[in-house]
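As a plain string of letters, each chain reads:
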Protein chains: 2
Amino acid sequence: MGPVIENYRTEKKVKTEEAEANNNIPASDTASSGFLGNLLVVPMDGSHWVGIKAIAQEMGRRGHRVTVVIPEISMRMGPGKHYDTVTYPVPYDKAHIDSIMSSLKDMMEKSSFTEKIRKGFSKMQKFTGFMHTTAESLLFNVSLISHLAQQNFDAVLTDPVAPTGSLIARKLGIPTINLLRGLPCSLDMKSAGCPSPPSYVPRFLTRYTDKMNAHRRPLLCRLLYWHFDQIAYQFLGEEVGIAEVLSESAIWLLRLDFTLEFPRPIMPNVVLVGGINCNVRHPLPEVRSWVSGEHGFVVFTLGTMLSDLPEETTSVFLEAFRQIPQKVIWRYTGQVPDSFPENVKLMNWVPQNDLLAHPGARAFITHAGSHGLFEGLCHAVPMVMMPFGGDQPDNAVRLASRGAGVVLDIYSITTESLLQGLNEVINDTRYKENMQKLSALHKDRPVDPLDLSVYWTEFVMRHKGAKHLRPAVLDLNWLQYYCLDVIAVLASVVLFFVILIVKCLKLCFWKLSRKRKQD
Amino acid sequence: MGPVIENYRTEKKVKTEEAEANNNIPASDTASSGFLGNLLVVPMDGSHWVGIKAIAQEMGRRGHRVTVVIPEISMRMGPGKHYDTVTYPVPYDKAHIDSIMSSLKDMMEKSSFTEKIRKGFSKMQKFTGFMHTTAESLLFNVSLISHLAQQNFDAVLTDPVAPTGSLIARKLGIPTINLLRGLPCSLDMKSAGCPSPPSYVPRFLTRYTDKMNAHRRPLLCRLLYWHFDQIAYQFLGEEVGIAEVLSESAIWLLRLDFTLEFPRPIMPNVVLVGGINCNVRHPLPEVRSWVSGEHGFVVFTLGTMLSDLPEETTSVFLEAFRQIPQKVIWRYTGQVPDSFPENVKLMNWVPQNDLLAHPGARAFITHAGSHGLFEGLCHAVPMVMMPFGGDQPDNAVRLASRGAGVVLDIYSITTESLLQGLNEVINDTRYKENMQKLSALHKDRPVDPLDLSVYWTEFVMRHKGAKHLRPAVLDLNWLQYYCLDVIAVLASVVLFFVILIVKCLKLCFWKLSRKRKQD
């Protein structure tokens, strides 16, 4: 065997000024516990990167050694001030990622129902295929995995929507900390052993969503995790499903908060850190003068995945904005229309959280992604929500049911419906009041969610896991869970005695009747 | 109607030096949130007073107005530096309380099995009768209740083992914070809506206890709460059971910790604060010189309820202590024997927590009450446990199963078994090591349990409850909980169509056969 050729690239913490500027992190008043460890981070791209990056940065800032493993090509992931990076080659280019992202814009184009189904399925296939390819590029990069194995990591911090990090953790025999909003098919709650009585715990990604979503979701779950089961077998060389791998997770950091979520049972190793991304970072030098004005302004972003819209939809929005006194800052990367209202500012990227923190923010037009939702909640800005997939319909209905926002259908939006929605949340003071109450509840917590995430990450590193929090339910099969084994044994015993008694009685009767006959 | 005669006595915060000395509280680094409220505290006597008092003191220290309502006669409850007290008359005297407490000593006397059962039942009756009388003396003290109603309290902090405070809260329409170790019949978990799958969640007070306890516990539950249901009806004038009253609780502060407890699902309004009583308060001036010595010392207390033993048992202990090199500090209020070993010091009261915090503490002989258990756990002192009732057998088995202590039967203890137990935990280093690991896990938490208790108490006062944490399960009956209503509807629909199809088929066959006949 020849020498293993290194098929990855390591990069130390970024020390440039530019990086410093891009990687400002909130100052934390929580000192490090004195323990300094070695953390492996396997993140996911897109908005999923936000929370993981915040924890990685803060862990590094506290003095831990932090190594983030990312693909060479990605949307948002990159080096930082407080962590090292290891990049691995992937068999796709930036254009491919862009094409997956732009497929969302395609979905917006007018088309027939069957065409929409076809497009939706194709988009889902593209998306899951992309996730599988990324995972395989990491897991089957022999030199990289062997490099990681030599680093003596104390724990893996990962986003288990793609369970790549969890598989590496199992291979290396180290504990896992998960950060996530939720998994399809409630795989997170199942793997954590949380009971979810269907009578009062709505299924994640299935209820309160439009019909198309409801029947598409289980499909996504299968498309995504069936192939990961195969990858797990190839990578680990053992017959183990993703669900079982995930059930070994030491701590689940869930980006949820009961201000929005319906109260439900959770297990001791599930920690709620919704609002991890609300710390204000930038002083808004670029837009500060622009946003000032008596009527305030509206923030409009549709997230990482949809910053471009079909021309027709764009003009629906612009026409509505022309008729309101507020200024509008719109994150828009598409073709700039020839003419647009003076009160609208189009930007390739907006400091969404910092804009929402500005006292002039009157409304937030959003797709109701979880990060935006928590940022709006944190800064008490009422919302006009236009969910188009994932957890967004769930998020939107939860906030709307609290009277803190309205939900519009982005696929059938009109200037009138948009105007009405904006008018309601801006001018009906109840929306702002409800939002302020919710926001006060949300921000009233003993520990800041980022500090709490760092705390439990450090906990797992200090104690080599959190075995004392592992519930016995994870070792039971469903027969045992419902005590059917116990019931079966008891029933057999009862049956045995019933039969015995019946036989005895029969015998008695028989003897008795024979005696009578003899008499 | 004549003027209402005041049948209670109010007392302001104690400002004397003596009180200061007796009421030292741990300095907290958590500042008040700026909100200052008005808290009513309805505590329970005995060891139950410890945690409630700590919270009341800390709340007062932070500037809240705190009023503690206590009976004129009690074991331990009294005025403090940071809270006002209101006392109400009760129809018993100190001697009656002492006789209830001493009944535990009687249980230790040698007697026949039937005699023991009789004694046990009589003790239980005395005890529950005492609780009912105390509750009635408060609830039916018209002038006191009307005085409390005028104070505009923001919340009630109470120990729901006697649900007196919960009933007052319902009457006054204010939210409740409960502090407790657990309730008989799992009434706490039921009222909080926590699912407790029997396949992996041991029943509180029923499993891991000796047989006699197991059949006595449901009896205790009935004796205690049936009468409280009647009291509730008389006091509130509405048909409402204690379970329903408790289910309105805003926050449940449970003195549990998953270091000892088996992981189980909990609800969002259940907060674990096990170890609330571990802060070291006194510098041990009295016994400091005495406890020093190369072999260290053993702390021996059997709790509030059992500080006196039958002569026979006392000599069993003294004979064992004579044979060990350690010194022994024993909390003993009984008759002092004529001669006892030089290494033994008998004291009417011992600073248990501070002694355990001393590095010379080698072992802790305890009845495994929850406070002592957490203090020993906190300071990593291995234990010889002799549980005699309540939650003690549960506590003891949990700690023993972690290899941090041994359990002995106090009813059949011998000098040999005690010596063997002490020898094991003191000289087999595994006990100390296991205890240190457990202790490290227990103390590794984001917020100190006392601060956390104060935080959630303040939370409830700030937000007038914690309605967003109330699970919908509390509004479901068992038919709805198990979705039997949904299943019934679905089954009916299915049945309807099956019948319809069968009828149709029958009709078809009938027509067909008639046609054939005609042919």
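Since we're looking at a predicted model, the values are computed, not measured.

Here is what the cut-offs are and how they apply
The numbers attached to residues start from 1 for each chain and follow its sequence in the written order. Each chain takes a letter, starting from A, and each ligand takes a number, starting from 1, following the order in which they are written. Confidence filtering applies because this is a predicted model: local features only for residues at pLDDT of at least 70, side-chain atom pairs given and counted only at 80 or more, and all residues used for totals across whole chains, interfaces and linings. Note that water and hydrogens are dropped before the side-chain values are worked out from all heavy atoms of the structure. Put simply, DSSP H or I for four residues or longer makes a helix, DSSP E for two residues or longer makes a strand, and each gets a number counted from the N terminus. For each residue, the accessible area found with a 1.4 Å probe, counting protein chains only, is set against the maximum for its type, and the residue is called buried under 20%, exposed over 50%, and partly exposed in between. A contact between two residues is defined here by any heavy atoms of the two lying within 4.5 Å. Working definition of accessibility: Shrake-Rupley area with a 1.4 Å probe, residue cover restricted to the visible protein chains. For the least-squares superposition of copies, only C-alpha atoms count, and only for residues with pLDDT at least 70 in both. UniProt positions are given in the numbering used here, feature names are shortened, and annotations may be inferred rather than shown by experiment. Whenever Lys or Arg places a side-chain nitrogen within 4 Å of a carboxyl oxygen from Asp or Glu, that contact is recorded as a salt bridge. We call two strands paired when DSSP finds no fewer than two bridges between them. Here an axis means a line fitted to C-alpha atoms, over the contact stretch when the element is a helix, while the angle between two N-to-C directions is reported on a 0 to 180 degree scale. Residues qualify for a patch when their relative accessible area is over 30% and they have no salt bridge, like charges being joined within 9 Å and the nonpolar side chains of Val, Leu, Ile, Met, Phe, Trp and Tyr within 5 Å. Note that His is not counted, nor are the chain ends; the positive residues are Lys and Arg, and the negative ones are Asp and Glu. The location of each charge is read from NZ of Lys, CZ of Arg, CG of Asp or CD of Glu. For classification purposes, angles smaller than 35 degrees are called roughly parallel, those larger than 145 roughly antiparallel, those between 65 and 115 roughly perpendicular, and all remaining angles oblique. In this scheme the handedness of a crossing depends on how the near helix is turned from the far one: anticlockwise by less than a right angle means left-handed, clockwise means right-handed. Only buried Ala, Val, Leu, Ile, Met, Phe, Trp, Tyr and Cys residues count toward a nonpolar core, and they belong to the same one when joined by side-chain atoms within 4.5 Å.

Draft legend 1. Representation of the overall build of chain A in the model. Each helix and strand in chain A was counted, giving 19 helices and 14 strands. Across the 519 residues in chain A, those meeting the buried criterion constitute 55%. For chain A, restricting intrachain contacts to residue pairs at least 6 apart in sequence, the fraction spanning at least 24 positions comes to 69%. Looking at chain A as shown, the accessible area adds up to about 23,400 Å², and 56% of this sits on carbon and sulfur atoms.

Draft legend 2. Layout of the relation of the copies chain A and chain B. Overlaying chain A on chain B yields an RMSD of 0.1 Å, the required transformation being a rotation through 180 degrees with an accompanying axial translation of 0.1 Å. Here the symmetry operator amounts to a two-fold rotation axis. Interface residue correspondence from chain A to chain B reaches 100%, placing this contact among same-surface, isologous pairings.

Draft legend 3. Fine view of the UniProt feature "transmembrane region" (unreviewed entry) in chain A. Within this structure's numbering, the places UniProt gives as "transmembrane region" (unreviewed entry) are residues 486-509 of chain A. Summarising residues 486-509 of chain A: 100% helix, 0% strand, and an end-to-end C-alpha distance of 35 Å.

Draft legend 4. Structural detail: the pattern of salt bridges. For the structure shown, the criterion picks out 33 salt bridges over all chains. For Asp428 of chain B, the salt bridge is made with Arg430 of chain B, and the minimal N-O distance between the two is 2.7 Å. Several salt bridges converge on common partners, so that one network encompasses Glu58, Arg61, Arg62 and Asp451 of chain A.

Draft legend 5. Focus on the sheet that holds strand E3 (residues 65-71) of chain B. All names here are of chain B. Across the sheet, 8 strands lie side by side as E1-E4-E3-E2-E5-E6-E7-E8; this open sheet has mixed pairing. Every interior strand has two partners, whereas the edge strands, strand E1 (9-11) and strand E8 (270-272), have only one. Ignoring which end each strand starts from, the neighbouring axes of this sheet average 20 degrees apart. As paired strands, strand E5 (residues 155-158) and strand E6 (residues 176-180) are joined by 3 bridges and run parallel to one another. Each bridged residue has a counterpart across the sheet, and for Leu157 the counterpart in E6 is Ile177. Running at roughly 155 degrees to strand E4 (residues 84-88), helix H5 (residues 142-149) makes contact with E1, strand E2 (38-42), E3 and E4 of the sheet.

Draft legend 6. Representation of a negative patch on the surface. Where like charges cluster on the molecular surface, the negative patch consists of Asp106, Glu109, Glu311, Glu312 and Asp338 of chain B. By the secondary structure assignment, Glu311 of chain B is in helix H11 (residues 311-322).

Draft legend 7. Fine view of the packing of H11 of chain B against helix H15 (residues 415-427) of chain B. Residue and element names in this part refer to chain B. Two numbers describe how H11 lies on H15: the axes approach to 9 Å, and their chain directions differ by 45 degrees. Of the possible angle classes, the one that applies to H11 and H15 is oblique. As H11 runs across H15, the sense of the crossing is right-handed. Residues Val316, Phe317, Glu319, Ala320 and Phe321 of H11 form the contact with H15, whose own contacting residues are Thr415, Leu418, Leu419 and Leu422.

Draft legend 8. Region of the structure containing the nonpolar core. Formed by 182 residues in total, the largest nonpolar core has its most connected members in Ile251 of chain A together with Ile251 of chain B. Not counting chain neighbours up to four residues away, the residues in contact with Ile251 of chain A comprise Thr176, Ile177, Asn178, Asn269, Val271, Trp456, Val460, Ala466 and Leu469 of chain A. By size, the runner-up hydrophobic cluster in this structure holds 31 residues, among which are Val384, Ile410, Leu418 and Tyr431 of chain A.

Draft legend 9. Spotlight on the pairing of strand E7 (residues 251-254) of chain B. Residues and elements named next belong to chain B. Residues Ile251 and Leu253 point to one face of E7 and Trp252 and Leu254 to the other, with burial holding for every one of them. In this structure, E7 lies alongside E8, joined through 3 bridges in parallel fashion. Across the sheet, Leu254 pairs through a bridge with Leu272, a residue of E8.

Draft legend 10. Broad picture of the environment of Pro393 of chain A. You can see Pro393 of chain A is positioned in helix H14 (residues 392-401). A C-alpha to C-alpha distance of 8.8 Å links Pro393 of chain A and Val407 of chain A, two positions 14 residues apart in sequence.

Draft legend 11. Up close: the packing of helix H4 (residues 113-139) of chain A against helix H6 (residues 164-172) of chain A. Residues and elements named next belong to chain A. In the contact formed by H4 and H6, the axes pass within 10 Å of each other and the chain directions differ by 25 degrees. The angle between the axes of H4 and H6 places the two elements in the roughly parallel class. Pair H4 / H6 crosses with right-handed handedness. Touching Ala135, Leu138 and Leu139 of H4 are Thr164, Leu167 and Ile168, all from H6.

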